[in-house]
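Working through the structure, step by step
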Amino acid sequence: MAETLLQTKLFIPPSRPNLVARSRLVEQLSQGLGLGHKLSLISAPAGFGKTTLVVEWVGGLRLHAAEESQTINKIAWLSLDEGDNDPTRFLAYLVMALRRAEGIEAALGESILDMLQSPQPPPADVVLISLLNEVAANQDRVILILDDYHLIDSPPVDGALAFLLDHLPPLLHLVIATREDPHLPLARLRARGQLTELRAIDLRFSSAEAAEFLNQVMGLNLSGEDVAALETRTEGWIAGLQLAAISMQGRGDVANFIRSFTGSHHFVLDYLVEEILDQQPESIQTFLLQTAVLDRLTGSLCDAVQFDAAETPSSSERTALTGQQDGRATLEFLEQANLFIVSLDEERYWYRYHHLFSELLRKRLRQKQPDWVSSLHIRASEWYQQNGFAEEAIEHSLRAQEFDQAAQLIDDQIDAIWMRGEHTKLRRWLGELPVELVLSKPQLCIFHALYLFTSGQWEAAERGLQAAEQALEPGGYGPAESSLFEQGDQLSESDRMKLRGRLEAIRAFIGSYSQANVPGIIQHASQALEYLPEQDLTMRSMVAIALGDAYALKGEMTAAYEAQLEATKASKAAGNNFFLIVANLKMAGTLREQGRLQRTVEICRQQLQLANKSGLSQAGVTGWLLAVWGEALAELNDLDGALHQTKQGVELVKRGGDVAMLSWSYLCLVRVSFSQGDTSGLETIIQRTEKIGRESDMPPWFTNQMSAWQTRLWLAQDKLALASQWAEERGLTTAGKARPAHELDYFWLIEYVVLARLLLAQERLEEAAQLLSELLGAAEKGGRTSRVIEILILQALAFQAKGDTEQAIITMERAVRLAEQEGFTRIFVDEGPPMRRLLSEALSREMAPDYIRRLLAAFPAAEQEQATPVFNQTKTRSPESEMVESLSERELEVLQFVAQGLTNQEIASRLFLSLNTVKVHTRNIHGKLGVHSRTQAVARARTLGILA
């Protein structure tokens, strides 16, 4: 990215000789610096010498340090323009400005520039945290100067600067020169004594300074009375004095001019500019107007845009017009004449007009010669194109509304821009082109469709892809495109194949997001990899990720892993750490599903190291990483660590704004909260995500998975009616009967497992057993070992509920064998007291004793019981002896009301207890009876003779 940034914006403007020294203002700035103020704000209207003052101040600091043999302050300068309203561009220039500061570590900010090139750059505060940490490592004071901040009208940039101020290291001082106050917490800084501020009343020339300026700098011989009159009329406004002085040069009636000089400076400036223009030779007036369209000036560029003012140029005539040859000499004359021109480098090769002067010249151009504007931009575009400044050429073509030319230039440069990660700029350019023109060029169609899709305009994106697809067919260019391609612009076969690959890549990407037509995703992704050239590494990486997603959704975990492994290789070869982390996290998800829990944790640990090394430690992708890691920690029973990781991860992803990453992270947090037993927290998360879903487009798979977790929570709360309603709405049951589970993909399998839980809670044991048998076959076929363990556990519990002890133990042994090596824990413990009883029975039979003892120790202390086997075929027990612990008197009361069908809230009211206390009693009853639902508790109690 660094090579695309304009270096002249980072130069400290050279100081001009013979300027009026502003000693009192320089002293105020130095005092604020010495007192450790965070910010020096120079805020005043145009023409009050803000930039000149700052240049004088920093020059004095350097001179003083050199004379006193002190360490020279490191000065970082950034001249802002309207293009810096793009937060990514602003941050990139900020980094580059600091890198140019004398004595700063040369490698400062390299990883940050890499971050800013990613397709979805991290939020500003993430970038700034990394930047501030690097700056803080320097031992000397750094003064960062932002000039012309009034050109910024971007809340995100204002927010980034506010964040910078809040976390400014002690040795970093910020200076802002602006025409209007920035949207920053100035009142707070002022109250805390952290602000130095100079305003128009401070910057205005005193009578003595006005006299020195007018008589010594501008060479006028004015009397004290004339100076005082002019100083009063201009209110010490420096630009007004300068313009007045220029107007008076060569006049014989200076006193009369001063007496007639009236009005506020806002109107005076217009008047004086006209006076100056009118008094200049015609050639200079023409030069000023014809170069007004340029943001920056150099001799040959000025020559290229000029034409004979007697002619009226048009786009069709521009090639016949001959530019002038005196651009450099004219720029030097303007500088010597103080005609509001600013040198941008020490060699005086590049210049710019004073911003206000430039604005007024452009206004005058539009008023006097509107027919010139388009041709001037066209000429500028051609010069930039011929001299290798492609992006400036595009900008001027767009300003000229020469959209055909702009489209061709964008088409030529799109690969380079894409590889640099400048997506904001590319998106803006494509948005400025007429839709029909974008649709006429397949490459523009493809990228525009991608940006439309990411912004939620799915239908428009599809139309763009269809247009590109039609154009890429042999002979597919229709009449609308013929004018564009008739001049040898037909695609070569290699280009056609590359674009077909990119088209298929975007279709795969869109499909993997919405998860519609998984075979279609695989087909598009496979074709993309076939068509794309080997060197298109970033696109190939994205395709491989989408392909891996498709195989995972289909349940083919081995194929998913292989695709994701290819994605990591392509990302690494492309040097794109963002996509490398994404690909590794996708692979970690596949390994987690395959039951390779320890490898999942190891990948997360490695990728966090990469994120920290790459400056992505606070990025959204790292938040997703932490959430995935936290879910794995929860399974290993590190619940405190898991909760910390997932909460931190969700917050990071929320700031990053990636909907898919946020969805996965919330699902991880829900799973951790469930294992924590935090019912209220779980309900809050579900409600929060429902609200997010109403306000933005969440992936369909997230909505379905979240509803499955909601249903599992209802089952834990014995809300069987709500759980049954969910099954009907999802099409898992019809009229209460379970539908066959065929062709189970990843998410359908998850939902059918929840359905099996519902059948168990309803004591429909035969139906549950049949469904679980189907699900087990599907999970084993896809290599989804984690899901296999869960299904085996539910099968064992079903056998337990039917009284088939031996089959329950046999099934449990299979689950334990799969889970022991990787250390699965919560998958057992979350099943509650019935699982504890079954594990106790397994322990009595000496099944994996060390592992099962660890599992039993993981159950909550309140639920710990003596590890007495539930089933023992060698002994005969009375029904009452099957209870490990008798019910208390209060628990018996609660059980009686449960048998009557009262809800927990109704029981609480009857017994004058809190709702939470009733829930505790209910859980205790379930544990002592060895059941996991209210229905089972009543049936068991009647079997034992506790209830009539």
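Heads up: the structure comes first, above all this text.
Described below are features of the structure shown in this document. (Residues numbered from 1 in each chain as written. Predicted model: local features only at pLDDT ≥ 70, side-chain atom pairs only at ≥ 80, totals over all residues. Heavy atoms only, no water.)

1. Here's the deal with the overall build of the protein chain
For clarity, the cut-off: Helix and strand definitions here come from DSSP, where helices need a minimum of 4 consecutive H or I residues and strands a minimum of 2 consecutive E residues; each element is numbered from the N-terminal end. For the exposure calls, accessible area comes from a 1.4 Å probe over protein chains only, and a residue counts as buried if that area is under 20% of its type's maximum, exposed if over 50%, partly exposed in between. The contact definition used throughout considers only heavy atoms, calling two residues in contact when any of these lie within 4.5 Å. Under the convention used here, a 1.4 Å probe and the Shrake-Rupley method define accessible areas, while residue burial counts only the protein chains that appear.
A count of helical and extended segments in the protein chain gives 48 helices and nine strands. The buried share of the protein chain, taken over its 948 residues, is 56%. Long-range pairs, those at least 24 residues apart, make up 69% of the contacts in the protein chain with a sequence separation of at least 6. Working note: accessible area of the protein chain is about 40400 Å², and carbon and sulfur atoms make up 49% of it.

2. A few points about the environment of Asn517
Mapping Asn517 onto the fold places it in the loop between α26 (493–514) and α27 (518–531). For Asn517, a relative accessible area of 53% gives the class exposed. When the C-alpha atoms of Asn517 and Ala550 are compared, they prove to be 9.2 Å apart, with 33 residues separating the residues in sequence.

3. Description of the packing of helix α32 (residues 620–635) against helix α34 (residues 659–676)
This is how the line gets drawn: Angles run from 0 to 180 degrees between N-to-C directions of axes, and those axes are lines fitted to C-alpha atoms, restricted for helices to the stretch in contact. An angle below 35 degrees is read as roughly parallel, one above 145 as roughly antiparallel, one from 65 to 115 as roughly perpendicular, and any other as oblique. The crossing is said to be left-handed when, going from far helix to near helix, the turn is anticlockwise and less than a right angle, and right-handed when the turn is clockwise. Note on residue categories: nonpolar means Ala, Val, Leu, Ile, Met, Phe, Trp, Tyr, Cys or Pro, charged means Asp, Glu, Lys or Arg, and polar means any other residue, Gly included.
Between α32 and α34, whose axes approach to 9 Å, the crossing angle comes to 25 degrees. By the angle between their axes, α32 is roughly parallel relative to α34. In this structure, the crossing between α32 and α34 has a hand that is left-handed. Residues Gly620, Val621, Gly623, Trp624, Ala627, Val628, Gly630, Glu631, Ala634 and Glu635 of α32 form the contact with α34, whose own contacting residues are Met661, Trp664, Ser665, Cys668, Arg671 and Val672. Here the contact of α32 with α34 is composed, by residue class, of nine nonpolar, four polar and three charged.

4. Focus: the packing of helix α45 (residues 889–899) against helix α47 (residues 915–929)
Relative to each other, α45 and α47 sit at 95 degrees, their axes nearing to 10 Å. Between α45 and α47, the crossing angle belongs to the class labelled roughly perpendicular. Counted together, Arg890, Glu891, Val894 and Leu895 of α45 and His921, Thr922, Asn924, Ile925 and Lys928 of α47 form the full contact between these two elements. A breakdown of the residues in the contact of α45 with α47 according to their chemical character gives three nonpolar, three polar and three charged.

5. Considering the sheet that holds strand β2 (residues 74–79)
To be explicit about the condition: A pair of strands is labelled paired if DSSP reports no fewer than 2 bridges between them.
With parallel pairing, the five strands of this open sheet are ordered in space as β2-β3-β4-β1-β5. Either end of the sheet is taken by a strand with one partner, and the two such strands are β2 and β5 (195–199). Direction aside, neighbouring strands of the sheet carry axes that sit 15 degrees apart on average. With five bridges joining them, strand β1 (residues 39–43) and strand β4 (residues 172–178) adopt parallel strand pairing. By the bridge assignment for β4, Ile42 is matched with Ala177. Each of β1, β3 (142–147) and β4 touches helix α6 (residues 155–166); the most contacted strand, β4, lies at about 145 degrees to it.

6. Examining the pattern of salt bridges
Between side chains of opposite charge, pairing is possible as soon as their charged atoms come close. Inclusion rule: Whenever Lys or Arg places a side-chain nitrogen within 4 Å of a carboxyl oxygen from Asp or Glu, that contact is recorded as a salt bridge.
Summed over the entire model, instances satisfying the criterion amount to 50 salt bridges. A salt bridge links Arg296 to Asp81, with the nearest nitrogen and oxygen atoms 3.5 Å apart. Taken as a pair, Arg296 in the loop between α14 (282–290) and α15 (299–305) and Asp81 in the loop between β2 and α3 (87–100) lie far apart in primary sequence, 215 residues in all. Taking the relative accessible area as the measure of exposure, Asp81 reaches 14% and is therefore buried. Glu593 is the partner of Arg787 in a salt bridge, and the nearest nitrogen-oxygen pair spans 3.7 Å. Remark: Glu593 occurs in helix α30 (residues 577–593) and Arg787 occurs in helix α40 (residues 785–802); sequence separation between them is 194 residues. As far as burial versus exposure is concerned, Arg787 and Glu593 are alike and both buried.

7. Focus on α32
Basically, it comes down to this: Here a helix's expected span is defined as the number of its residues, less one, multiplied by 1.5 Å.
Relative to the 22 Å expected for 16 residues at 1.5 Å per residue, α32 spans 23 Å between its end C-alpha atoms, a close match to the ideal helical length. With respect to burial, α32 is a largely interior element, 16 of its 16 residues being buried. Count one or two residues on from α32 and you reach Asn637, which has phi positive near 75 degrees.

8. Quick look at unusual backbone geometry
The backbone phi angle of Asp148 is positive, close to 60 degrees, even though this residue is not glycine. Mapped onto the secondary structure, Asp148 falls in the loop between β3 and α6. If you check the backbone angles, Glu763 has positive phi at about 60 degrees while not being a glycine. You can see Glu763 is positioned in the loop between α38 (746–761) and α39 (765–781). Classification of Glu763 as partly exposed rests on a relative accessible area of 33%.

9. Observations regarding the nonpolar core
Put simply, the test is: We define the nonpolar core as a collection of buried residues of types Ala, Val, Leu, Ile, Met, Phe, Trp, Tyr and Cys that are connected through side-chain atoms lying within 4.5 Å of one another.
If you look at the biggest cluster of nonpolar residues, it comprises 239 residues, and the most contacted ones within it are Leu144, Leu146, Leu433 and Phe828. If sequence neighbours within four positions are ignored, Leu146 has contacts with Leu78, Leu80, Phe90, Leu94, Leu161, Leu174, Val175, Ile176 and Ala177. Core analysis: the next-biggest nonpolar cluster, separate from the first, contains 22 residues, Ala44, Val55, Ile75 and Trp77 among them.

10. Some remarks on α6
With 12 residues, α6 should reach 16 Å at 1.5 Å per residue; the first-to-last C-alpha distance of 16 Å fits that figure. Taken residue by residue, α6 has Val157, Asp158, Ala160, Leu161, Ala162, Phe163, Leu164 and Leu165 as its buried positions. Buried positions along α6 lie against β1, α3, α5 (124–136), β3, β4 and α7 (186–191).

11. Some thoughts on the packing of aromatic side chains
Rule in force here: Here the aromatic set is Phe, Tyr and Trp, taking the six-membered ring for Trp, and pairing holds for ring centres within 6.5 Å; pairs whose planes are under 30 degrees apart are stacked, those over 60 apart are edge-to-face, and all others are tilted. Here, a charge over a ring means that NZ of Lys or CZ of Arg falls within 6 Å of the ring centre while also lying within 35 degrees of the ring normal.
Per the stated rule, a full pass over the model turns up 11 aromatic pairs. Both rings, one in Trp350 and one in Trp383, keep their centres 6.5 Å apart while their planes meet at 80 degrees; by these two values the pair is edge-to-face. Remark: Trp383 occurs in helix α18 (residues 372–386) and Trp350 occurs in the loop between β6 (341–343) and β7 (351–353); sequence separation between them is 33 residues. Judged by centre distance (6.3 Å) and plane angle (85 degrees), the rings of Phe828 and Tyr851 are edge-to-face. Placement of the pair is Phe828 in helix α42 (residues 826–829) and Tyr851 in helix α44 (residues 849–857), with a sequence separation of 23 residues. Here Phe828 falls in the buried class, since its relative accessible area comes to 0%. Members of the aromatic cluster, joined through ring pairs, are Tyr349, Trp350, Trp383, Tyr384 and Phe389. Here Lys9 stacks its cationic end above the ring of Tyr93, 4.5 Å away from the centre of that ring.

12. Let's talk about the pairing of β3
Among the six residues of β3, six are classified as buried, and the element is accordingly described as predominantly covered. Along β3, one buried face is formed by Val142, Leu144 and Leu146 and the opposite face, lined by Ile143, Ile145 and Asp147, is buried too. Here β2 runs beside β3; their pairing, made up of six bridges, is parallel. Note on β3: the bridge partner recorded for Leu78 is Leu146.

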